[in-house]
Structure formats: C-alpha cells, structure tokens
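# Secondary and tertiary structure notes
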Amino acid sequence: EDLGQLLRSEDAGAAGRATGAGTLRLGGAVASLGTLTVGNSTIVYADTAGNQTVRIPTGGSYYHLTIANAAAGGWTATAEGTFGVSGNFAVTYSVPNRSIFEVSTATVTVSGTTTLDGELRIGASPGKFDANGPFNGAAASAVINFASNGTLELSSSVGGLGSDANFTEGNS
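Please read these numbers as outputs of a predicted model, since none were measured by experiment. (Residues numbered from 1 in each chain as written. Predicted model: local features only at pLDDT ≥ 70, side-chain atom pairs only at ≥ 80, totals over all residues. Heavy atoms only, no water.)

### Quick look at unusual backbone geometry
Here the residue pair Ser 125 and Pro 126 is connected by a cis peptide bond, since its omega of 20° sits within 30 degrees of zero. Looking at where Pro 126 falls in the secondary structure, it is placed in the loop between strand S17 (119-122) and strand S18 (128-131). Unusually for a residue other than glycine, Ser 104 sits at a positive phi of about 60°. Note on placement: Ser 104 falls in the loop between strand S14 (100-102) and strand S15 (107-110). For Ser 104, a relative accessible area of 24% translates into the label partly exposed. (Helix = DSSP H or I, 4+ residues; strand = E, 2+ residues; numbered from the N terminus. Buried < 20%, exposed > 50% of the residue type's maximum accessible area, 1.4 Å probe, protein only.)

### Points about the packing of aromatic side chains
Taken as a whole and judged by the stated rule, the model has 4 aromatic pairs. Between Tyr 62 and Phe 83 the ring centres are 5.4 Å apart and the planes differ by 75°, which places this aromatic pair in the edge-to-face class. Here Tyr 62, found in strand S7 (residues 61-62), pairs with Phe 83, found in strand S10 (residues 83-85); they are 21 residues apart in sequence, far enough to count as distant. The exposure classification of Tyr 62 matches that of Phe 83, with both residues buried. Aromatic ring contacts, followed pair by pair, group Tyr 45, Tyr 62 and Phe 83 into a single cluster. (Phe/Tyr/Trp six-rings, centres within 6.5 Å; stacked < 30°, edge-to-face > 60°.)

### Things to note about the sheet that holds strand S9 (residues 76-79)
Taken together, the 5 strands give an open sheet; going across it, the order is S6-S9-S14-S17-S20, and neighbouring strands pair in parallel fashion. Each edge of the sheet is formed by a strand with only one pairing partner; in this case those strands are strand S6 (52-54) and strand S20 (143-146). Averaged over all adjacent pairs, the angle separating strand axes in this sheet is 20°, with direction ignored. In this structure, S17 lies alongside S20, joined through 4 bridges in parallel fashion. (Pairing = 2+ DSSP bridges. Axes fitted to C-alpha atoms, helices over the stretch in contact; angles between N-to-C directions.)

### Topic: the confidence of the model for the protein chain
Across the protein chain, the average pLDDT comes to 81, with 80% of residues at or above 70. Taken together, the stretch residues 1-15 has pLDDT below 50 and engages in 35 contacts with residues farther than four places along the chain or on a different chain. pLDDT under 50 marks residues 168-172. Its contacts with residues more than four places away, or in other chains, come to 7 contacts. (pLDDT = per-residue confidence, 0-100. Contact = heavy atoms within 4.5 Å.)

Next comes the structure, spelled out in structure tokens:
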C-alpha cells in the first residue's frame, strides 16, 4: 500500500510503505508510524498546528528526513528515541520562523548531508546528534542549542555551525 503525499494523523498506525524517491508529508500529531517501510523516500514532518514527535520508523532508520514546521510558528519536532537517517537530513527555515528539531536525550545519527537552516537542540547526556556526512550550518538562520551536556559529533566536513551557536565550554 503506497501512502502517497500526506499521511494524516488519523491514518497513523496503518501499514504502508513510501516507495521510490517520493515524498511523504506528515502533518498534525503523528501517534504512530505503524509498519512504515521508508524505502528511498523523503519523510517530511510538516506541522501546522503544534509540536510533533518524530517517530522511529520500521527498521529504526529513515532514508531522507526533513523537519519543516517553521511556517506554522516555529513548532518543535522532538525525537521519540534513537534513530538513524541513512540519506540526508534537513531542518528548514521559512520567513519569519525557524523549524526546530530537538534530539532531547536520544541519539540521532545521519550518514548523508545535514543541512541546518533552522534550529537544532540537543538535550542532556546522553543526547547526541551524530553527523557522519557533511554538516552545513552556515545559513544565517541556523542555530545550535545545547540544553545541558549533550553531544554534537561531526565526522566529515563542516560548512558552518550556525549564526547563533550556544556552546558552553565543558557542557558541549
């Protein structure tokens, strides 16, 4: 069953798969992904009415993942738990608001390129954002915030760490 362009919150929990290189937009509160096979697709968390929880997909990894919740007023998308992104990861910006992705105390590992145009929040240990591919946080709208002693691990090229990186010695 191909889920198409938009999975509404009332559809969450249904078995499905995003096939090919398509895009699946998740709007509203996503209670569950059910048995979602992501294939080579892009999953976009794009809320219009409040904060979202980024659920852990079947197999524990997304292919491409985008957080695009800025247009609604800068809502926060928070990782439900530890997961990976085998392709690219992006946090977008839409005038006048940043999208916000919060790792909290989970570990999020990205194998492809990370593009930060919005805000990345990393919570207390063991909170960790692990970018194994290129990290691009050079946009004027990019912000990195550490709530406490979380970890940002950059294993490849770094194209900027945000215009307003909030690093505190000994805590990041």
